[in-house]
Each structure stands twice: as structure tokens, then as C-alpha cells.
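Analysis of the macromolecular model
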Amino acid sequence: DAGITQSPRHKVTETGTPVTLRCHQTENHRYMYWYRQDPGHGLRLIHYSYGVKDTDKGEVSDGYSVSRSKTEDFLLTLESATSSQTSVYFCAIRQGDNEQFFGPGTRLTVL
Amino acid sequence: GQSLEQPSEVTAVEGAIVQINCTYQTSGFYGLSWYQQHDGGAPTFLSYNGLDGLEETGRFSSFLSRSDSYGYLLLQELQMKDSASYFCAVRTNAGKSTFGDGTTLTVKP
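Parameters at a glance
- Chains are numbered independently. Their residues run from 1 in the order of the written sequence.
- By the order in which they are written, chains take letters starting at A while ligands take numbers starting at 1.
- Two thresholds apply to this predicted model, a pLDDT of at least 70 for residue-level local features and 80 or more for giving and counting side-chain atom pairs, whereas whole-chain, interface and lining totals are computed over all residues.
- Only heavy atoms go into the side-chain values, all of them from the structure, while hydrogens and water stay out.
- Helix and strand assignments come from DSSP, with helices taken as H or I runs of at least 4 residues and strands as E runs of at least 2, each series counted from the N terminus.
- Two residues form a contact once any of their heavy atoms are found within 4.5 Å.
- Being paired, for any two strands, means DSSP has found at least two bridges between them.
- Only the stretch in contact is used when a helix axis is fitted, and all axes are lines through C-alpha atoms; the angle between N-to-C directions ranges over 0 to 180 degrees.
- Buried area is understood as the total, over both parts, of accessible area removed when two parts are fitted together, assessed with a 1.4 Å probe.
- We define a salt bridge as a contact between a side-chain nitrogen of Lys or Arg and a carboxyl oxygen of Asp or Glu at a distance within 4 Å.
- Side-chain atoms alone can form a polar contact between residues adjacent in sequence; in general such a contact is a pair of N or O atoms within 3.5 Å, and within protein one must be able to donate a hydrogen while the other accepts it.
- Side-chain rings of Phe, Tyr and Trp, where Trp is taken by its six-membered ring, are said to pair if the distance between their centres is within 6.5 Å; with planes under 30 degrees apart they count as stacked, over 60 as edge-to-face, and otherwise as tilted.
- Under the scheme applied here, a residue whose accessible area is under 20% of the maximum for its type counts as buried, over 50% as exposed, and between as partly exposed, the area being computed with a 1.4 Å probe on protein chains only.
- By the criterion adopted, a ring carries a charge over it if an Arg CZ or a Lys NZ lies within 6 Å of its centre and within 35 degrees of its normal.

**Remarks on the environment of S87 of chain A**
All names here are of chain A. Note on placement: S87 falls in strand β9 (residues 87-95). Expressed as a C-alpha distance, the spacing of S87 and R107, which sit 20 residues apart in the sequence, is 6.2 Å. Beyond its immediate stretch of four places on either side in the chain, S87 contacts R36, Q37, D38, T106, R107 and L108.

**As for the sheet that holds strand β8 (residues 73-78) of chain A**
All names here are of chain A. Taken together, four strands build an open sheet; the order of strands is β1-β3-β8-β7 and the sheet is antiparallel. Each edge of the open sheet is held by one strand with a lone partner, namely β1 (4-7) and β7 (64-70). Across this sheet, the average inter-strand angle for adjacent strands is 20°, counted without regard to direction. Note that β1 and strand β3 (residues 19-25) share four bridges and pair antiparallel. In the sheet register, T5 faces β3, and the bridge partner there is H24.

**Structural notes on the interface of chain A and chain B**
With 21 residues of chain A at the interface, the matching set in chain B holds 19 residues. Taking both partners together, chain A and chain B bury about 1600 Å²; carbon and sulfur atoms supply 49% of that area. It is L43, N98 and F102 of chain A that lose the most area in chain A upon contact with chain B, and together they represent 31% of the buried surface on that side. Counting the contacts that link chain A with chain B gives zero salt bridges. For the pair chain A and chain B, the interface holds eight residue pairs in polar contact (both at pLDDT 80 or more).

**Structural notes on the packing of aromatic side chains**
For the structure shown, the criterion picks out 16 aromatic pairs over all chains. Here Y33 of chain A and Y48 of chain A contribute two aromatic rings whose centre-to-centre distance is 6.0 Å and whose plane-to-plane angle is 15°, an arrangement assigned as stacked. Taken together, the residues Y33 of chain A in strand β4 (residues 32-37) and Y48 of chain A in strand β5 (residues 43-51) connect sequence positions 15 residues apart. Since its relative accessible area comes to 3%, Y48 of chain A is described here as buried. These aromatic residues form a ring-pair network of at least three members: Y31, Y33, Y35, Y48, Y50, F90 and F102 of chain A together with Y35, F45 and F99 of chain B. The positively charged end of R94 of chain A is found above the aromatic ring belonging to Y31 of chain A, 3.8 Å away from the centroid. We note R91 of chain B situated over the ring of Y30 of chain B; from NZ or CZ to the ring centre the distance is 4.2 Å.

**Thoughts on the side chain of Q6 of chain A**
Residue and element names in this part refer to chain A. Positionally, Q6 belongs in strand β1. Within polar-contact distance, the side chain of Q6 engages the backbone oxygen of Y89 at 3.0 Å. For Q6, the side chain forms a polar contact with the main-chain nitrogen of G105, separated by 3.0 Å. Beyond its immediate chain neighbours, meaning those up to four positions away, Q6 contacts R22, W34, Y89, F90, C91, G103, P104, G105 and T106.

And the structure:
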């Protein structure tokens, strides 16, 4: 168990409001990832981090920003939420050389 | 960019063998992984292939052909609990992973 938690687990918000999702890990893994998953689709990478203050964009980064000021925390921020950002968000860490271990997910609804 | 193709649905009966194929187009290919996801749950890692050939882990095996940009996941002695979605994912040299849209496996009694 890679000790990943996500908070909140569920959130309902309104269009135009800022939202921050938190991913917390307890085992000092260097690589952390944020994905979104929509019905009938795989996971799409939003942003990832390869160390403290080191982040890069994924394939669907528009409308999202991230920060990693400590090894254990990787924050995903929606500056102004839109209905198209309604999704399930998964955080993951890279465990070993090739395995990603996923957190339990956050279900976000933007009304 | 990266793209992956896998069948959207597969149905099989308990005890049977099923193969889920994955073809990919990518630059900077590093390896191919497989994940399982049950409804409402998080994806869980099943296997990884970095080199050509077959990797076996219990009832599950995974195969990669880098020259054909092709891989598959083989599930043997199917059980009802194997009903889930299965995703292939390509990892690039940059450390990013791109996931396919998933294959929904239904195991029938």
C-alpha cells in the first residue's frame, strides 16, 4: 500500500468557483500524477510532478494548475470551475520503476 | 502524440481464456502496462512489459511486440470477479503515461 489519500472524496460546486483537490502520500515517492476519468474513457493525464516544485503538463492541462511544495502533497486547482470539469479525479504515484498506484479518487460535480 | 486502440467490450464464460489486444502509436515508447478497474474503484496495476515477450503473473499474462506496436493481456481460468475494465497504458521516456479507453470484460457463468 503506497499510502495515498485524496481529499475531498466528493465535492459539488458551482460554475466559476475555485476548487482545490489534495493528494497526500506517506512514502516519499518522487513522481506524482493527476488524472481525470470520464464515463467510458480511460484516464487522461492532467499534470504530473517529478519532484518538489517540478511539474509538467499532461494532455488535458487547460483550466488546471498544480503545486507541489512538499514531497508528500500534490495539489490540483481548478481556478474557475466549469461544467466540463465534472469528472472523477485520480491521483497516482509511481511505485518502483513502472507501476502506478492510484488513490481512491475524488468525484467532482460542477453545476 | 500518443494513441492506443483496444476493444471496448469482451464477453467470456467462467473458466475460459480471454485475450485483450492493445495497439499503440507513440513517440519515445518506454513500456506497456495493464491495469484493472472495478466499477467505482481505483485502477490497480496488473503487469508491465518493457521488452518483447511474455510476462506471466499467476492467471494473467501480458505480451509485447515493440516492432508491431502491439501487446495483449491474457486472462486464464476466468472467474466472475474478473469482470472489470482493463486498460493498457503506454509509458514514454519522459515518464508520462497515456491510457487506452478501456475494455469492459464481462464474465458469465
